[in-house]
Amino acid sequence: MEWRIEVYKSEKRYLSYKACSAMLTQIKATSGPEWLVEADKFALQNSLRDLDAAFVNYFEGRAGYPGFKSKRGPKQSYQTNFTNGNIRIDRVRHQIKLPKVGWVEYAADGREIPDGIINVTVSRTPSGKYFASILCEVAMKSLSAGGKEVGMDMGLKKFAILSTGEVIENPGYYITARIKLAKLQRALSKKKKGSKNREKARLKVARQHEKVVNQRRDFQHKHSKKLVVENQVISMEELRIKNMVKNRKLAKAISDAAWGEFQRLMEYKARWYGRTLVKVGPFYPSSKLCEKCGTKNAMLTLSDRQWQCPKCGTVHDRDLNAAKNILAEGKRILAG
Ligand SMILES: [Zn+2]
């Protein structure tokens, strides 16, 4: 057994809609939003790090407290460190005790919050929900070695195509939610600045945006975990960060961003579970090589979804062929 410090918050220890408002209510009921002003010293220390200039201004009397004041603005959060049992979890009642705040309810999402809390970050989203991210030191157990290997070709229309022939589709609900988000954003832009209707529209956009983010996160955690559990070796293409930044096409930009995040999840989950993640260089021509005989088809264009190898005659599905090549190249990298 190995001890590692892992960022637990990336595992979505978030509070659901209902319980978030319950938490908000309770925080308000106990001491009001000013509880932050008198927040414990650790919270202030950490906040200072994050909001340095704003706090200096506050303490020198030039500006108001930079806490949860603005309804908009950047992400609002503060962090408190664990010391002498100042943070406690009641797993039966689903309550967490935070310094200066007291016991507040949290929404259980089926996963246990482990022992070994290092710190808790409380944040407020633009739509006004509160979340607690809990950083824990967790004992991770490597999974028993399995023999399976997989290569992944990430796609634009499809999320990924695996060398096994499996396809991970982009979930339809996610696309629907994005379309709705775009509509709400257009509606917001037409509302008069400073009006009540504009504030309503802003809230709608914020809620929809959070929904999209949550859906993407659920989808990515589910699939990255499945891949890591099922395979000993996973080979994928390294992302070209430069291209990602340059890309102006929305659909491509979105899928690249989703990919980057997915790769990050794959990396740490592979570490957690003792799996090997290998990344194939961005200039490896995974689509153009025939996975059977290695011939390079320089004539292949982006619109060719199927092609026949000019040398051995094999007919390829473009993406499946690429996924198989990515696996082969990953294995070659590992061997060398
Ligand atoms: Zn061939």
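As shown above, the structure is provided for reference.
A few points on the structure. Values in this document were obtained by computation on a predicted structure and should not be read as measured data.

Attention shifts here to the packing of helix α4 (residues 172-190) against helix α5 (residues 196-230). Remark: α4 packs on α5, axes separated minimally by 9 Å, with the N-to-C direction vectors making an angle of 160°. Compared by their axis directions, α4 and α5 come out roughly antiparallel. Crossing geometry of α4 relative to α5 is assigned as left-handed. Residues Tyr173, Tyr174, Ala177, Arg178, Lys180, Leu181, Leu184, Gln185, Ala187 and Leu188 of α4 touch α5, and the partners they reach there are Arg198, Ala201, Arg202, Lys204, Val205, Gln208, His209, Lys211, Val212, Gln215, Arg216 and Phe219.

Pairing is mixed in the open sheet, where five strands are placed in the order β10-β9-β8-β11-β12. Edge strands, defined here as strands with exactly one partner in the open sheet, are β10 (167-169) and β12 (276-280). On average, each strand axis in the sheet is inclined to that of its neighbour by 20°, with strand direction left out of account. In terms of strand pairing, strand β11 (residues 233-237) meets β12 through five bridges, oriented parallel. Of the residues in β12, the one forming a bridge with valine 233 is threonine 276. Taken strand by strand, helix α8 (residues 318-335) contacts β8 (149-154), β9 (158-162), β11 and β12, and its axis lies near 125° from that of β8.

Before going further, it helps to examine the pairing of β8. The element β8 is largely enclosed, with a buried count of five among its six residues. Bridge analysis of β8 against β11 gives three bridges, and the strand direction is parallel. The partner of valine 150 across the bridge, within β11, is isoleucine 234. Pairing between β8 and β9: three bridges, direction antiparallel. Bridge assignment links aspartate 153 to a residue of β9, and that residue is isoleucine 161.

Definitions and limits used
- Residues numbered from 1 in each chain as written.
- Predicted model: local features only at pLDDT ≥ 70, side-chain atom pairs only at ≥ 80, totals over all residues.
- Axes fitted to C-alpha atoms, helices over the stretch in contact; angles between N-to-C directions.
- Helix = DSSP H or I, 4+ residues; strand = E, 2+ residues; numbered from the N terminus.
- Parallel < 35°, antiparallel > 145°, perpendicular 65-115°, else oblique.
- Left-handed = near helix turned anticlockwise from the far one by under 90°.
- Contact = placed C-beta atoms within 7 Å.
- Pairing = 2+ DSSP bridges.
- Buried ≥ 20, exposed ≤ 12 C-beta atoms within 10 Å, placed from the backbone.

Shape is all these values report; function is a separate question.
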